[in-house]
Amino acid sequence: MEHTITPAPDALVLPGLHHVTAIAGDPQRNLDFYTGVLGLRLVKVTVNFDDPRVYHLYYGAGAGTPGTILTFFPWPRVKPGRQGAGQAAAVALAIPATALGPWIERLIGRGVRFTGPARRFGEQVLAFRDPDGLALELVAVGEESAGDGWAGGPVPAEQAVRGLHSVTLWAEAIGETAAFLNGTLGFRPEAEEGGVRRYAIGGGGAGALLDVRPTPGFWPGVVAGGTIHHVAWRAPDDARQRAWRDLLAARGGDVTPVRDRHYFRSIYFREPGGVLFEIATDPPGFAVDEPVERLGSGLRLPPHLEARRDEIARRLPPLRLPGATGGRIAPAETARGGASDN
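Below, the structure is looked at part by part. Everything numeric in this text was worked out from a predicted model, so none of it was measured. Per chain, residues are indexed from 1 in the order of the written sequence. Only residues with pLDDT of at least 70 get local features here, since the model is predicted, and only at 80 or more are side-chain atom pairs given and counted; chain-wide, interface and lining totals rely on the full set of residues. To get the side-chain values, take all heavy atoms of the structure and skip hydrogens and water.

## Focus: the overall build of the chain
- Where helices and strands are cited, they refer to DSSP runs of H or I of at least four residues and of E of at least two residues respectively, numbered from the N terminus. When helices and strands are counted, the chain shows 5 helices and 18 strands.
- Against the compact-globule benchmark of 20 Å for 342 residues, the chain has a radius of gyration of 19 Å, which places it among compact chains.
- Projecting the C-alpha coordinates of the chain onto the three principal axes gives extents of approximately 55 × 45 × 40 Å.
- The buried share among the 342 residues of the chain stands at 53%.
- We call two residues contacting when some pair of their heavy atoms lies within 4.5 Å. Taking contacts inside the chain between residues at least 6 apart in sequence as the whole, the part at least 24 apart equals 67%.
- In these tables, accessible area is a Shrake-Rupley quantity obtained with a 1.4 Å probe, and a residue counts as shielded only by the protein chains included in the view. Carbon and sulfur atoms make up 52% of the accessible area of the chain, which amounts to about 14200 Å² in all. As defined in this context, the radius of gyration uses C-alpha atoms, and a globule is described by 2.2 Å times the residue total to the power 0.38. Each residue's exposure class comes from its accessible area (1.4 Å probe, protein chains only) as a fraction of the maximum for that residue type: buried when under 20%, exposed when over 50%, partly exposed otherwise.

## Comments concerning helix α4 (residues 238-250)
- What a helix is expected to span follows from its residue count: subtract one and scale by 1.5 Å. When the terminal C-alpha atoms of α4 are compared, their 18 Å separation across 13 residues agrees well with the 18 Å that a helix rising 1.5 Å per residue should span.
- Residues of α4 that are buried include every one of Gln 241, Trp 244, Leu 247 and Leu 248, and no others. Along α4, the residues classed as buried sweep out an arc of 120° about the axis, all on the same side. Across α4 from its buried face, at more than 90 degrees, point the exposed residues Asp 246 and Ala 250.
- The inward-facing, buried residues of α4 contact α3 (174-183), β13 (228-235), β15 (265-270) and β16 (276-281). Arc definition: it is the arc formed by the directions from the helix axis to the C-beta atoms.

## Notes on the side chain of Asp 289
- Looking at where Asp 289 falls in the secondary structure, it is placed in the loop between β16 and α5 (309-315).
- Nitrogen and oxygen atoms within 3.5 Å of one another constitute a polar contact, given that in protein one can donate a hydrogen and the other can accept it, and given that sequence-neighbouring residues count only through two side-chain atoms. At 2.6 Å, the side chain of Asp 289 forms a polar contact with the side chain of Lys 44.

## Brief notes about helix α2 (residues 100-109)
- All of the buried residues along α2 are Leu 100, Trp 103, Arg 106 and Leu 107. Along the long axis of α2, the arc covered by the buried residues comes to 120°, so they all point the same way. Seen from the buried face of α2, the exposed residues on the opposite side, beyond 90 degrees, are Glu 105, Ile 108 and Gly 109.
- Tucked into the core, α2 has its buried residues touching α1 (27-37), β5 (87-96), β6 (114-120), β7 (123-129) and β8 (135-141).
- At the exit of α2 stands Gly 111, carrying a positive phi of roughly 70°.

Note that all results are geometric; they support no functional claim without further evidence.
Right, here's the structure in full:
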């Protein structure tokens, strides 16, 4: 039986997904796949602020607006994870419905094995995995749901990925997860199909959807290579993020203090099934330390790590953008002059 909890006030509605972060192995292989195969823009090259020995790579569409971002911590010798209960198991990306055929051809041409297209909740879905085994989906959406794609990549702009579509959770005790989603975070149950429950937040539609698959008795997931580390939801500003933190703490949640991620502020907590959630602010954005037209062009460090730039750069493997026009990403390029203490 699902518990009834008073939902959050309407003023605290989460508009949708902010980003999804996963764990990868070889960083160059990860870069080649997400920019060269999926045609996403490399929006930011930085490091894991909690472990600066490893890159933090951000991919997105256009200027890297919230809701388009997929990020990775690539540890070259990471052990493979295990998909299971208590885990965010798959991330879906939105593509225009008119681009479904070209994407099938593109995946075939690049040797990416996939299943589908299969109809799910009224939309056509292609399912496949990245080189580390992360479960990915391309979901064909109507033009009214499609934003702008990245026009500077190998995929034609009219076919390019528009941003995040949804995330799928696997839940051992779906009642507790559902009660938290609906009663605390304000998600609305929208539909159920094949045992999977779809929830929406904010205005709903692509970028504001969460699917929950019940997995009673299934083995627990292990977060490592090829799995999702956390799922981040949007807060339009710092005031609403602080209000969310107060609300979660008041309801007994184990929520972190606000952490400055330089491009946004973050709080972290776990839903009852164990999946790590984040609420991240929209501002200040990725142009805080490099102009929009040069996003992803060099290693960027937050002010508190800038003094260690030479040491950090020596530890990181070199990266090169794929393709004939691809170039080396300079690890020693300074971020001074554009950085600020946001």
